[in-house]
Amino acid sequence: MKIKELFITICVLFISINSIAQELELKNKKSWYVPDYASVQLAGNIGLFSVGAGYEIFDDVWYAELLYGYAPRSITEAESNHLITIKNTFPFFTKELRNSFSISPIAGIAITYDAGNNTFTSLPSQFPKGYYISNAIHLTIFGGFKVHKDFKNDKIFKGIDMYYELGTVESYLWYAITSSEFSLSDAFSSAIGVNIYF
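It should be emphasised that the depicted structure is a prediction, and the values quoted were computed from it without experimental measurement. (Residues numbered from 1 in each chain as written. Predicted model: local features only at pLDDT ≥ 70, side-chain atom pairs only at ≥ 80, totals over all residues. Heavy atoms only, no water.)

**What to know about unusual backbone geometry**
No. 1: One non-glycine residue, Ala43, lies in the positive phi region at around 70°.
No. 2: We note that Ser100 has phi near 65°; this positive angle belongs to a residue other than glycine.
No. 3: Following the sequence through the fold, Ser100 ends up in the loop between strand S5 (95-96) and strand S6 (101-114).
No. 4: Classification of Ser100 as partly exposed rests on a relative accessible area of 24%. (Helix = DSSP H or I, 4+ residues; strand = E, 2+ residues; numbered from the N terminus. Buried < 20%, exposed > 50% of the residue type's maximum accessible area, 1.4 Å probe, protein only.)

**Observations concerning the packing of aromatic side chains**
No. 1: Applying the stated criterion to the full structure yields 5 aromatic pairs.
No. 2: Three or more aromatic residues joined by ring pairs make a cluster, and in this case those are Tyr37, Tyr63 and Tyr197.
No. 3: The ring of Phe142 has Lys87 sitting right over it, with the charged end atom 5.2 Å from the ring centre. (Phe/Tyr/Trp six-rings, centres within 6.5 Å; stacked < 30°, edge-to-face > 60°. Lys NZ or Arg CZ within 6 Å of the ring centre and 35° of its normal.)

**Observations regarding the pairing of strand S7 (residues 137-150)**
No. 1: Two elements, S6 and S7, share 13 bridges in a ladder whose sense is antiparallel. In the strand pairing of S7, Ile109 is matched with Ile141.
No. 2: Pairing between S7 and strand S8 (residues 159-169): 11 bridges, direction antiparallel. Directly across from His148, in S8, lies its bridge partner Asp161. (Pairing = 2+ DSSP bridges.)

**As for the environment of Phe101**
No. 1: By the secondary structure assignment, Phe101 is in strand S6.
No. 2: On a C-alpha basis, the gap between Phe101 and Phe151 in space is 9.4 Å, while along the polypeptide they are 50 residues apart.
No. 3: If we ignore the near neighbours within four places in the chain, the residues touching Phe101 are Lys95, Glu96, Val147, His148 and Lys149. (Contact = heavy atoms within 4.5 Å.)

**What to know about the pairing of strand S1 (residues 37-43)**
No. 1: Here S1 runs beside strand S2 (residues 49-57); their pairing, made up of 6 bridges, is antiparallel. Bridge pairing in S2 links Leu42 to Phe49.
No. 2: Of the pairings in the sheet, the one linking S1 to strand S9 (residues 188-197) comprises 7 bridges and is antiparallel in character. Each residue of the ladder has a partner; that of Gln41, found in S9, is Gly193.

**Some points on the layout of surface pockets**
No. 1: Counted as a void, the second largest pocket has a volume near 230 Å³.
No. 2: For the lining of the second largest pocket, the elements supplying multiple residues, two or more each, are S6, S7 and S8.
No. 3: Here the residues of the lining of the second largest pocket sort into 3 nonpolar, 6 polar and 8 charged. (1 Å grid on protein atoms, 1.4 Å probe; cavity = no way out; pocket = protein on both sides within 12 Å on 5 of 7 lines; lining within 4 Å. Points joined across faces, edges and corners; volume = space filled by probe spheres on them. Nonpolar A, V, L, I, M, F, W, Y, C, P; charged D, E, K, R; others polar.)

This is the structure in structure tokens:
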């Protein structure tokens, strides 16, 4: 009788420990739709101030973000602009430094929809056909670098990136190439930002 009770106790204990371990493992795994990091950016052709969330795809090969940007009237000299951006960043390589720091040169491309009052996806009726092209959707290319810091205690935040980018919008680059009144230096702008990993 005692062997049977001991066997049942060991089985119940084993099942309990196994189910607790599986539950802890599930808590540590994020669902696919939960972002890997939050992002905040200042300037860079996607609004004076942009916030959003992103995903690290293919383990440090591709970073994809969805950002909301805002450019106030004082900056745009027109109506305030609200921008939605899908930003893709690609690090070339990562150089490990001391104290859990690393640095990576980056390049990327972003697609931005500008929902301001002075933008349009199709030509307004007051203009002749072909007079202007759509100015609500822009393609931005950029390059720069990011510095990453891993945190030892990763209960809340796993790490942080600080980055700098120099980029241009396709229409600015076109004007710089085709117009003598628009210089190449006018086509580029800088951005700084922070990504917080959780």
